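A structural walkthrough
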Amino acid sequence: MALFDSILYAFVSLNELSASPFVLVPLAFAGAYLGGRVVEVIPFTRRIIERREAQLAERE
């Protein structure tokens, strides 16, 4: 039962932290940065970005 209690306390603590704007704002910035990096790494999305850049270069 001690394991269940410690897991429950961890969820309660995280819930209290997630309600604080001082925690949410840095997490939002970190998530946006990491999301942008992941999009550049995934080959499928990288091809889409390269096609758009090529189309813009052709128009100029």
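This part covers the overall build of the protein. Regarding its fold elements, the protein presents 3 helices and 0 strands. Counting helices and strands in the order they occur from the N terminus, the protein gives α-α-α. A compact globule built from 60 residues should have a C-alpha radius of gyration of about 10 Å, whereas the protein, at 20 Å, is more than 25% larger. If you line up the protein on its principal axes, its C-alpha atoms span 65 × 25 × 10 Å. For the protein, the proportion of its 60 residues judged to be buried stands at 2%. Charge-centre separation for the protein: the mean point of 6 positive side chains lies 11 Å from the mean point of 7 negative side chains.

This part is about a nonpolar patch on the surface. A cluster of nonpolar side chains, namely Leu3, Ile7 and Phe11, defines an oily patch on the protein surface of about 340 Å² accessible area. Within the secondary structure, Phe11 sits in helix H1 (residues 2–18).

A word on the confidence of the model for the protein. In the predicted model, the protein carries a mean pLDDT of 82, and the fraction of residues at 70 or more is 98%. Here H1 stands out as the element of the protein with the lowest mean pLDDT, 77, in contrast to helix H2 (residues 21–41), whose mean of 86 is the highest.

This brings us to the environment of Leu27. For Leu27, the position within the fold is in helix H2. We classify Leu27 as exposed; its relative accessible area is 54%. In this structure the C-alpha to C-alpha distance between Leu27 and Ile7, which are 20 residues apart in sequence, comes to 22 Å.

Relative to each other, H2 and helix H3 (residues 43–59) sit at 85 degrees, their axes nearing to 5 Å. By the angle between their axes, H2 is roughly perpendicular relative to H3. Residues Val39, Glu40 and Val41 of H2 form the contact with H3, whose own contacting residues are Pro43, Thr45, Arg46 and Ile49. The residue inventory of the contact of H2 with H3, partitioned by class, reads 4 nonpolar, 1 polar and 2 charged.

What counts and what doesn't
- Residues numbered from 1 in each chain as written.
- Predicted model: local features only at pLDDT ≥ 70, side-chain atom pairs only at ≥ 80, totals over all residues.
- Heavy atoms only, no water.
- Helix = DSSP H or I, 4+ residues; strand = E, 2+ residues; numbered from the N terminus.
- Rg over C-alpha atoms; globule rule 2.2 N^0.38 Å.
- Buried < 20%, exposed > 50% of the residue type's maximum accessible area, 1.4 Å probe, protein only.
- Lys, Arg positive; Asp, Glu negative; His and termini not counted.
- Charge placed at Lys NZ, Arg CZ, Asp CG, Glu CD.
- Patch = residues over 30% accessible without salt bridge, like charges linked within 9 Å, V, L, I, M, F, W, Y side chains within 5 Å.
- Areas by Shrake-Rupley, 256 points an atom, 1.4 Å probe, with all protein chains shown as cover.
- Salt bridge = Lys/Arg side-chain N within 4 Å of Asp/Glu carboxyl O.
- pLDDT = per-residue confidence, 0-100.
- Axes fitted to C-alpha atoms, helices over the stretch in contact; angles between N-to-C directions.
- Parallel < 35°, antiparallel > 145°, perpendicular 65-115°, else oblique.
- Contact = heavy atoms within 4.5 Å.
- Nonpolar A, V, L, I, M, F, W, Y, C, P; charged D, E, K, R; others polar.

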